[in-house]
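# Tertiary structure, described
What follows is the residue order along each chain.
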Amino acid sequence: MSNTVHDVLIIGSGPAGYTAGIYAARADLKPIIFAGPQPGGQLTITTEVENFPGFPEGIQGPQLMDDMRKQVERFDAKVIFDVVSKVDFSQKPFRVWVNDTEYQSKSIIISTGASAMLLGREDETALMGHGVSACATCDGFFYRDQEIIVVGGGDSALEEASFLTKFASKVTIVHRRDEFRASKIMRERALANKKIEVAWDSVVEKIHDPEKKSVTGVTLKNVKTGELNELPVTGVFIAIGHKPNTDLFKGQLEMDEAGYIINKERTMTSVPGVFASGDVVDKIYRQAVTAAGMGCQAALDAERYLEG
Ligand code: NAP
């Protein structure tokens, strides 16, 4: 352990973490950013990003995140490509461990994001960003006049399916049971949409074709009858829920029942001096630009806290 007490440590390296880093560094707080298990966050598993302002031709997700990293490194900030293994927010200075190395800091910004829950299939992993997506808002636009499926039966799946009908010629919702979990209004809206069909009691048996590096169709299996059904779709949207990456902070910060951190005053968590921004607190918008905006807010809030 070194005796240095830092001004701010940032945990996470998605749009929220890097933006917090840019603002904190320009405020001369010399932040350290721990990049975590997926440096760059969720955008590194998408392809083209067309809705982040400033890129009239769009930009590849991994490129955008690499540029954000370079931008933060232009200033007096350090990115450490490692995973925080333990934290202690019960006393000041706060303590953060990366394996056996301990860091101390007067303030912390948590931007660990959320992970879209996935089916966990090999073909899904192979085709992620190449026809398989976990974000309709990000990728729906690419499926104009094409047939796609949305997997899931909750509000997210039905909302995404309705949204995707703006582009796709047909959207089949693949749900593993015979009734939706989603709210009544979402069910009614989806079922009234002529472009939406439902494959009840069905699961994805296969996504074709990892060898071609693009989605050329899916095989669905009816879990009651065992019957297989081929759908010639070009897109597979997984909408089976998100999980905030907050296991590390359990018992130290107030969270809601789903594990999202609850901010008490602007971006400050239940522990004064610990701030949270991006998808780790936001289950509604979940956009790169909203996360970046919140990262900026957290850095400004941390700066004011340190001045106080
Ligand atoms: P959710 O409510 O947990 O629904 C997840 C859905 O995915 C369920 O239908 C579940 O099936 C299915 N599922 C889970 N694991 C699966 C697997 N391995 N294979 C196949 N299907 C699987 O998640 P959500 O829809 O993301 O919603 C999360 C929260 O946000 C909810 O409280 C929701 O109301 C809220 N939300 C609200 C809005 C809105 O009001 N506009 C929009 C989006 C989300 P089962 O039903 O069989 O368990």
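Refer to the preceding data block for the structure.
Only a predicted model underlies this, so the values are computations on that prediction, with no experimental measurement involved.

### Considering the side chain of Arg-69
- By the secondary structure assignment, Arg-69 is in helix α2 (residues 61–73).
- The class of Arg-69 is buried, set by a relative accessible area of 19%.
- Each residue touching Arg-69, except ones within four places of it in the same chain, is listed here: Tyr-18, Val-79 and Phe-81.

### Topic: the nonpolar core
- The biggest cluster of nonpolar side chains holds 28 residues, and the ones touching the most others in it are Tyr-18, Phe-52, Leu-64, Val-72 and Ile-109.
- Contributing elements (two or more residues each) for this core: β1 (5–11), α1 (15–26), α2 and α7 (288–307).
- When sequence neighbours within four positions are dropped, the list of residues in contact with Phe-52 reads Leu-64, Met-68, Ala-288, Val-289 and Ala-292.
- Core analysis: the next-biggest nonpolar cluster, separate from the first, contains 24 residues, Val-87, Val-271, Val-280 and Val-281 among them.

### Side note on the sheet that holds strand β16 (residues 228–231)
- Taken together, the three strands give an open sheet; going across it, the order is β14-β15-β16, and neighbouring strands pair in antiparallel fashion. What marks the edges here is a single partner per strand, and that holds for β14 (202–208) and β16. The mean angle between the axes of side-by-side strands here comes to 25°, regardless of whether they run parallel or antiparallel.
- Across four bridges, strand β15 (residues 217–222) lies against β16 in antiparallel orientation. Within β16, the residue paired with Lys-221 across the bridge is Leu-228.

### Focus on the state of the cysteines
- Counted by the stated rule, this structure contains one disulfide.
- At a sulfur-sulfur separation of 2.0 Å, the disulfide partner of Cys-135 is Cys-138. In this structure the cystine formed by Cys-135 and Cys-138 twists about its S-S bond by roughly 75°; its chirality is therefore right-handed.
- On the basis of relative accessibility, which here comes to 16%, the residue Cys-135 falls in the buried class.

### A short note on the pattern of salt bridges
- Summed over all chains, the structure comprises 20 salt bridges.
- Measuring nitrogen to oxygen at the nearest pair gives 3.1 Å for the salt bridge that ties Asp-7 to Lys-106. Of the two residues, Asp-7 is situated in strand β1 and Lys-106 in strand β8 (residues 101–110); the sequence distance between them amounts to 99 residues.
- Judged by its relative accessible area of 41%, Lys-106 falls in the partly exposed class.
- One salt bridge in this structure joins Arg-121 and Asp-123, with 2.9 Å as the shortest N-O distance.
- The class of Asp-123 is buried, set by a relative accessible area of 9%.
- Bridged by salt links that share partners, the residues Asp-66, Arg-69, Lys-70 and Glu-73 form one connected network.

The rules we used
Residues numbered from 1 in each chain as written. Predicted model: local features only at pLDDT ≥ 70, side-chain atom pairs only at ≥ 80, totals over all residues. Heavy atoms only, no water. Helix = DSSP H or I, 4+ residues; strand = E, 2+ residues; numbered from the N terminus. Buried < 20%, exposed > 50% of the residue type's maximum accessible area, 1.4 Å probe, protein only. Contact = heavy atoms within 4.5 Å. Core = buried A, V, L, I, M, F, W, Y, C linked by side-chain atoms within 4.5 Å. Pairing = 2+ DSSP bridges. Axes fitted to C-alpha atoms, helices over the stretch in contact; angles between N-to-C directions. Disulfide = S-S within 2.5 Å. Salt bridge = Lys/Arg side-chain N within 4 Å of Asp/Glu carboxyl O.

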